[in-house]
Amino acid sequence: MQPRACLRAHLSQPILTAGQLCHNSRCDSSYRRSRLCRRAHGGSLRAVADSSGKLNVLVVGGGGREHALAWKLASSPKCNVLYCSPGNAGIAMEPVVQVIPDLQIADHEQVSTWCKQNQIGLVAIGPEQPLVDGLADALEAADIRVFGPSAKASRLEGSKRFMKDLCRKYNIPTAKYEVFNNPEQAKVYIRDQAAPIVVKADGLAAGKGVIVATSSDEACAAVDDMLVNKAFGAAGSNIVVEEFLEGEEASFFALLDGSTCLPLASAQDHKAVGEGDTGPNTGGMGAYSPAPAVTPVIEAQVMQDIVQRTADALVAEGCPYRGVLFAGLMIKDGKAKLLEHNVRFGDPECQGLMLRLESDLLEVLLAACDGKLADVKLLWLPGAALTVVMAAKGYPGSYQKGSIIQGLDKVVTAKVFHAGTARDAADNITAVGGRVLGVSATGKDVMEAQQNAYKAVDTIDWPEGFVRRDIGWRAIERM
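Residues numbered from 1 in each chain as written. Predicted model: local features only at pLDDT ≥ 70, side-chain atom pairs only at ≥ 80, totals over all residues. Heavy atoms only, no water.

Some thoughts on the sheet that holds strand E1 (residues 55-61)
Taken in spatial order, the five strands make up an open sheet running E3-E2-E1-E4-E5, and their pairing is parallel. Edge positions in the sheet fall to strand E3 (97-99) and strand E5 (146-147), since each has one partner strand and no second. Sheet strands in contact with helix H4 (residues 108-117) are E1, strand E2 (79-86) and strand E4 (120-125), and its direction is about 140 degrees off that of E4. Taken strand by strand, helix H13 (residues 361-369) contacts E1, E2, E4 and E5, and its axis lies near 90 degrees from that of E4. (Pairing = 2+ DSSP bridges. Helix = DSSP H or I, 4+ residues; strand = E, 2+ residues; numbered from the N terminus. Contact = heavy atoms within 4.5 Å. Axes fitted to C-alpha atoms, helices over the stretch in contact; angles between N-to-C directions.)

Some remarks on the pattern of salt bridges
Per the counting criterion, the structure on display carries 24 salt bridges. Two residues, arginine 344 and glutamate 128, come together in a salt bridge whose shortest N-O distance is 3.4 Å. Placement of arginine 344 in the loop between strand E16 (335-342) and helix H12 (349-356) and of glutamate 128 in helix H5 (residues 128-132) is noted, with a sequence separation of 216 residues between them. Take arginine 344: its relative accessible area is 13%, and that puts it in the buried class. The partner of lysine 169 in a salt bridge is glutamate 317, and the shortest N-O contact between them spans 2.8 Å. With lysine 169 in helix H8 (residues 160-170) and glutamate 317 in the loop between helix H11 (296-316) and strand E15 (322-332), this residue pair connects regions lying 148 residues apart in the sequence. One continuous salt-bridge network, built from bridges that share partners, spans Asp277, Arg468, Asp470 and Arg474. (Salt bridge = Lys/Arg side-chain N within 4 Å of Asp/Glu carboxyl O. Buried < 20%, exposed > 50% of the residue type's maximum accessible area, 1.4 Å probe, protein only.)

Some details on the side chain of serine 154
When you line up the elements, serine 154 lands in the loop between E5 and helix H7 (155-158). Ignoring any residue separated from it by four or fewer positions in sequence, one finds serine 154 in contact with Leu131, Val132, Pro149 and Val343.

Considering the environment of isoleucine 190
With respect to the helices and strands, the residue isoleucine 190 is situated in helix H9 (residues 183-191). As for isoleucine 190 and aspartate 217, which are separated by 27 residues in sequence, their C-alpha atoms are 9.1 Å apart. Once residues within four sequence positions are removed from consideration, isoleucine 190 is found in contact with Ile197, Val199, Ser216, Ala219, Cys220, Val223 and Val241.

Right under this line is the structure:
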């Protein structure tokens, strides 16, 4: 039973507080212990606002994605103070933003206590690890409003086996696969399949647990690496072996509030470090939105066959999903199949989405938390957005830290989102990570957005950094 119906069914019932279970058989079991059911009963879980109705917000994370989220949330008229932990040098420069570098995000009790002390009305969790670790559950149990899925729902990203099994059970289109913890059985299966073939560590492996093998021998070596040599520790104690899907890859994002699915936008990123999509994979060297490959027809199919089915499946499994859902897609012959789910915004895709979004992000996230996405209509800036990542030379291998970045104040054609930056003792902005800046621009189309982004890149003085010069090439080829 949905929240409004739940309210009607329980007008005579006592208020439910955190952790209490609704025993009315008319309430769907997936909602009985959720914040949605509790709020429908008039429970205590509320946003904390000052006398003007403004909220204090905490963004968890310190990368380019979190800079984009903090920048957009802080622009809301409803935002009082925005805190970000741990934050970075660029986030600290945003108006009404304070970085909290010493908050121990892994200590859920400390985070909950800090939120209460600082009257936080909304917590938005950026990275996947705190979600998989159950930070959203801990905050919700403390009656703190949080945007991000529960630990159980976060298994969509935390366990590739869980995601694939869910797809099989609920008929969500994806690649054929099998799961193994015995290396010899995995090798027998691999030799019966055609190459290329994909071998994945089940758990989170810092983006390194996926091997696209071009031969059976290479796939079997990956099996030994994961299951015998324990290259990824516990994350590789089970592996998924799946068919290699051909086609064009794209990303799609949607907001979920437990039942309603609201489409956001499509995007395409560039994982390879080199131009022409060559060289080793990275966390992402650039991205653009929207992705021309995701046509209105394909978007409708993705929403129906992948996003909505996933949402319905999680309700049926007793862990309704509330947050942003990323669907990694492979598109061929006008149809999309699911490569993977992530339980957070992509990075660097998020930067472009935040530039394009004209709606008040704080209001939208509050609606997602409150089960009210059905009432939301999103407004988007016409045209396109494109992000070029400036990385430290040597990335994704070893790279120098501490080099000084200058010229950021001269950028006029783009917004620069910081990822791996800090301030040194002389107050200089310095590079402390591999992916350091996300130079993000808009335009009437991808080509104009690309031109604006590279003008800004060329304004920045950082000899120790590098960029790819062809971000957006697929979309431009279609023009």
